[in-house]
Amino acid sequence: MKITVHRGTDQIGGCVTEYESNGWKLFVDYGEQLPGAPTSDKALEIEGLTYGNLRKSALLITHYHGDHIGKITDLPPELPIFMGKISKEIAQELSEHLSSVSEEHRSMAERLDSVKTFSPGEEFSFGEFKIMPIVIDHSAFDAYAFRIEGKGLTVFHTGDFRTHGFRSSKLPKVIEKYVGEVGYVVCEATNVNRPVATIKTESELQKEFESEFRDSRYNVVYLSSTNVDRLFGLYHASVKAHLPFYVDAYQKRIMDIVAGRDNIWGKSRLYKYVDGKEPIVLQRDGAAFRVTDKFSDFLEEHGFVMIARANDRFDKFLSKIPKNGKKTFLSMWNGYLDRSKTAYNPALAQSIGTEYEYLHTSGHCDMASLDRLLDMLKPKSIIPIHTDNPQRFADLFCEKWPVILLEDGESFAAIRDPGFDTTTAKVMAFQEPDNSCEVIENPENLQWWMVDNKFLGEFQWWDDADSALHHVVYAPKRLLGYAIESDEDMAPFLYVVYNPDFTEHSEYNEGGHDPEDEHYQTDGEYTPGQRVLAVIDEMLVPCEVVGPVTVDFLRKDFNKYGPRSEEDFQEYKSELWDWDWDKVVIRPLVKIKTEYGEISSETTAQRIYIFPYKTSSTNEDTPSL
Ligand SMILES: [Zn+2]
Ligand SMILES: [Zn+2]
């Protein structure tokens, strides 16, 4: 499967990701770029999506936010598009509502008519792909992550999500039941600049609103009309504070789409109206909201929670209703009111004025929660998108997970391990030893480590493995190097180890390494007595080189627990692999007992796994090689 991020490796919004397998193409999201995005002036030209043969292509929409769906009207009409059922209904309501405003929304309403829907937890197929839609908590309702499987290789595409919403507690169970462990994760990283989990939960926010509504009887709240969970949270907060809840007809229709559909969410009461206390719809007189004396008196007497949006109609209406003690809240990202930001919204700034309180929580996850999700998914590596700081994301996660940093348009092409004929790539780092090993002797008090091998996966071609390694960030302070191993049919086994700067450290090329053969230790550059770091039993041990592995050494080793017949030795020797003859005899300078037993005072290491000796830096805690 080939993963290409056409857009979104270095910006929030407008992400377009492609999964390709054997000509089948599955795209995820096709939205607008947020204002000021680096490539906002560049239209995408993607074969199989914007042009060319579309017969093996489909587009999945994670959710109805404009930065994920907003540009689907530009796509060829024959391209099949899939999204969640309720998500589609809300998107239709929104675009029909805005149809009077612009032609663009009118064509969006038309395009949405032909969009196919999927259901949460119900896997469906498209060509070679199997797609499992996973409902995820976000500031858009009915938002999805996808588990995408192509030829046995699985990827989890998170979409926009968070773990601090009303419905988030179900996530671990859902992941366990419908996703399990995956090969790779393509994840959103919006909040990368806010790594510490300081984000308040949607429930905490609801309680704050409730206490505000108990204190102040006249309340106006500005929020996004499609932030359904916030809307219902505010509704229930106002019911608990004994205040009538007012919305306009459009907002009520959005609420009605969700209300009573709680079968999706089990027994949740969040999306149910309380009997006799349904949201009250503001009446209209032509273009304006009707404000009679009677209505004004009613508002004055009973108080209110009014859900408002930045427009003329609401501005006029709000100027006519009780002003004394009226409190205004902003319950959406305050970047819209920050003049220094490209997302600055002058209409909102004008409507809300300067006297307002900011009560909001993010629709995106904090990085600590993302880390917990990754612990469940256990990917080989992760690819961040929907972020304006991929490097910071890599810095945050690369100690634990290999992070693949792609540029827009670049691909990562892994395959499932077919058992043979593979090219594998791995990143090697060193790490502090754990309790599974014990030092028996260390007269010089030398530093030693364990080897940390991270498999990036299997690849069809050497170039794909090489490209993956050139894009990976993993534990830079502990990095030992990279390795590619290729065992393609009809080709000799080839193993290349690279230094962290990608210069070649050593290679093993199969063939002719027997003592009588022409390649016997030809590339052995080590001189007897030289100090090296050698990988022995997954340990990185300071050693002294004795010399190339010889028949005499092997005979001595074979007889180390008592003499055995020469005949047995010859049989043992005849079964050795070419690879065994490419070893170096070494003398460990630290005597260690590992789970495999005590390391001998003279043993062997694969030549490609012998690294130049370096002492640790002066700081004992941060060894550097
Ligand atoms: Zn987004
Ligand atoms: Zn979103």
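A brief report on the enclosed structure follows. Owing to the predicted nature of the structure, the values given are computational and were not obtained by experimental measurement. (Residues numbered from 1 in each chain as written. Chains lettered and ligands numbered in written order. Predicted model: local features only at pLDDT ≥ 70, side-chain atom pairs only at ≥ 80, totals over all residues.)

### Overview of the overall build of the protein chain
Within the protein chain one finds 15 helices and 36 strands. Principal-axis analysis of the C-alpha atoms places the extent of the protein chain at approximately 110 × 55 × 45 Å. The buried share among the 625 residues of the protein chain stands at 40%. Within the protein chain, contacts between residues at least 6 apart in sequence are counted, and of these 69% link residues at least 24 apart. (Helix = DSSP H or I, 4+ residues; strand = E, 2+ residues; numbered from the N terminus. Buried ≥ 20, exposed ≤ 12 C-beta atoms within 10 Å, placed from the backbone. Contact = placed C-beta atoms within 7 Å.)

### Let's talk about helix α2 (residues 85-98)
An ideal rise of 1.5 Å per residue puts 20 Å on 14 residues; α2 measures up with 20 Å between its terminal C-alpha atoms. Residues of α2 that are buried include every one of S87, K88, E89, I90, A91, E93, L94 and S95, and no others. Residues of α2 that are buried sit in contact with α1 (66-69), β5 (81-84), α3 (103-113), β6 (116-118), β9 (143-150) and α7 (249-258). (Expected span 1.5 Å × (residues − 1).)

### Re the packing of helix α5 (residues 202-215) against helix α6 (residues 228-240)
It is at 9 Å that the axes of α5 and α6 come closest, and there the two elements cross at 40°. Crossing angle aside, the handedness with which α5 passes α6 is right-handed. Between α5 and α6, the contacting residues are E202, Q206, F209, E210 and F213 on the first element and D229, G233, L234, A237, S238 and K240 on the second. A per-class count over the contact of α5 with α6 returns 4 nonpolar, 3 polar and 4 charged. (Axes fitted to C-alpha atoms, helices over the stretch in contact; angles between N-to-C directions. Left-handed = near helix turned anticlockwise from the far one by under 90°. Nonpolar A, V, L, I, M, F, W, Y, C, P; charged D, E, K, R; others polar.)

### Notes on the nonpolar core
If you look at the biggest cluster of nonpolar residues, it comprises 150 residues, and the most contacted ones within it are I383, V403 and A534. Apart from the residues lying within four places of it in its own chain, the contact partners of I383 are I3, V5, Y184, V186, I404, L406 and F412. (Core = buried A, V, L, I, M, F, W, Y, C linked by C-beta atoms within 7 Å.)

### Notes on the sheet that holds strand β14 (residues 280-281)
Pairing is parallel across the open sheet formed by 6 strands, whose spatial order is β14-β13-β17-β12-β18-β19. Two strands bound the open sheet, and with one partner strand each, they are β14 and β19 (357-358). Alignment of strand β12 (residues 218-222) against strand β17 (residues 304-308), held across 5 bridges, turns out to be parallel. Across the sheet, residue V220 finds its bridge partner in β17, namely M306. (Pairing = 2+ DSSP bridges.)

### Here's the deal with the environment of I280
Within the fold, I280 resides in strand β14. For the pair formed by I280 and N389, sequence separation is 109 residues and the distance between their alpha carbons is 43 Å. Apart from residues lying up to four places away in sequence, I280 is in contact with P244, F245 and Y246.

### Quick word on the environment of R167
If you trace the backbone, R167 turns up in the loop between β10 (153-157) and α4 (171-179). With 21 C-beta atoms counted inside 10 Å, the residue R167 sits in the buried group. Measuring from C-alpha to C-alpha, the distance between R167 and D229 comes to 9.2 Å, with 62 residues separating the pair along the chain.

### So, α6
The α-helix winds at 3.6 residues per turn, so residues separated by three or four positions along the chain end up facing the same way. Compared with the 18 Å implied by 1.5 Å per residue over 13 residues, the 18 Å span of α6 between its first and last C-alpha is a close match. In terms of residue burial, α6 counts as a mostly covered element, since 11 of its 13 residues are buried. Those residues of α6 not exposed but buried are V228, D229, R230, L231, F232, G233, L234, Y235, H236, A237 and S238. Each element contacted by the buried residues of α6 is listed here: α5, β12, β13 (245-247), α7 and β17. Looking one or two places after α6, you find H242, whose phi comes out positive at around 60°.

### Observations concerning the sheet that holds strand β1 (residues 2-7)
Strand order in the open sheet made by the 7 strands is β6-β5-β4-β3-β2-β1-β22, with mixed pairing throughout. The strands lining the two open edges of the sheet, one partner per strand, are β6 and β22 (411-413). Pairwise comparison of adjacent strand axes, ignoring direction, gives a mean angle of 25° for this sheet. Both β5 and β6 contribute to a ladder of 3 bridges, which runs parallel. When the sheet's bridge partners are listed, M83 is paired in β6 with T117. Helix-sheet contacts for α2 involve β5 and β6, and the interaxial angle to β5 is about 100°.

### Considerations on unusual backbone geometry
With phi around 55°, D142 is a residue other than glycine that occupies positive phi space. Tracing the backbone shows D142 in the loop between β8 (129-136) and β9. The exposure class assigned to D142 is buried, which follows from the 26 C-beta atoms found within 10 Å. Even without a glycine there, the phi angle at H242 is positive, about 60°. If you trace the backbone, H242 turns up in the loop between α6 and β13.

### Considering the pairing of β10
Here β10 lies mainly inside the structure; 5 of its 5 residues are buried. Across the two faces of β10 the burial is the same, with L153, V155 and H157 and T154 and F156 all buried. Across 5 bridges, the pairing between β9 and β10 is antiparallel. The partner of I148 across the bridge, within β10, is V155. Counted between consecutive antiparallel strands, the loop separating β9 from β10 contains 2 residues, among which K151 sits at a positive phi close to 50°. Strand direction decides the pairing type here: β10 and strand β11 (residues 184-188), joined by 3 bridges, are parallel. The residue bridging H157 from the neighbouring strand is V186, located in β11. Of the crossover connections in this fold, the one passing from β10 over α4 to the parallel β11 is right-handed. (Right-handed = clockwise from strand over helix to strand, strands pointing away.)

### Quick notes on the environment of N442
Within the secondary structure layout, N442 lies in the loop between β24 (438-441) and β25 (449-459). Taking the C-alpha atoms as reference points, N442 and L589, separated by 147 residues in sequence, lie 6.9 Å from one another.

### Concerning the packing of α2 against α3
Packing of α2 against α3 leaves a shortest axis separation of 8 Å and a crossing angle of 150°. With respect to their mutual orientation, α2 and α3 come out roughly antiparallel. Taken as a pair, α2 and α3 cross one another with a handedness that is left-handed. Every residue of α3 that contacts α2 at K88, A91, Q92, S95, E96 and L98 is listed here: H105, M108, A109 and L112. (Parallel < 35°, antiparallel > 145°, perpendicular 65-115°, else oblique.)

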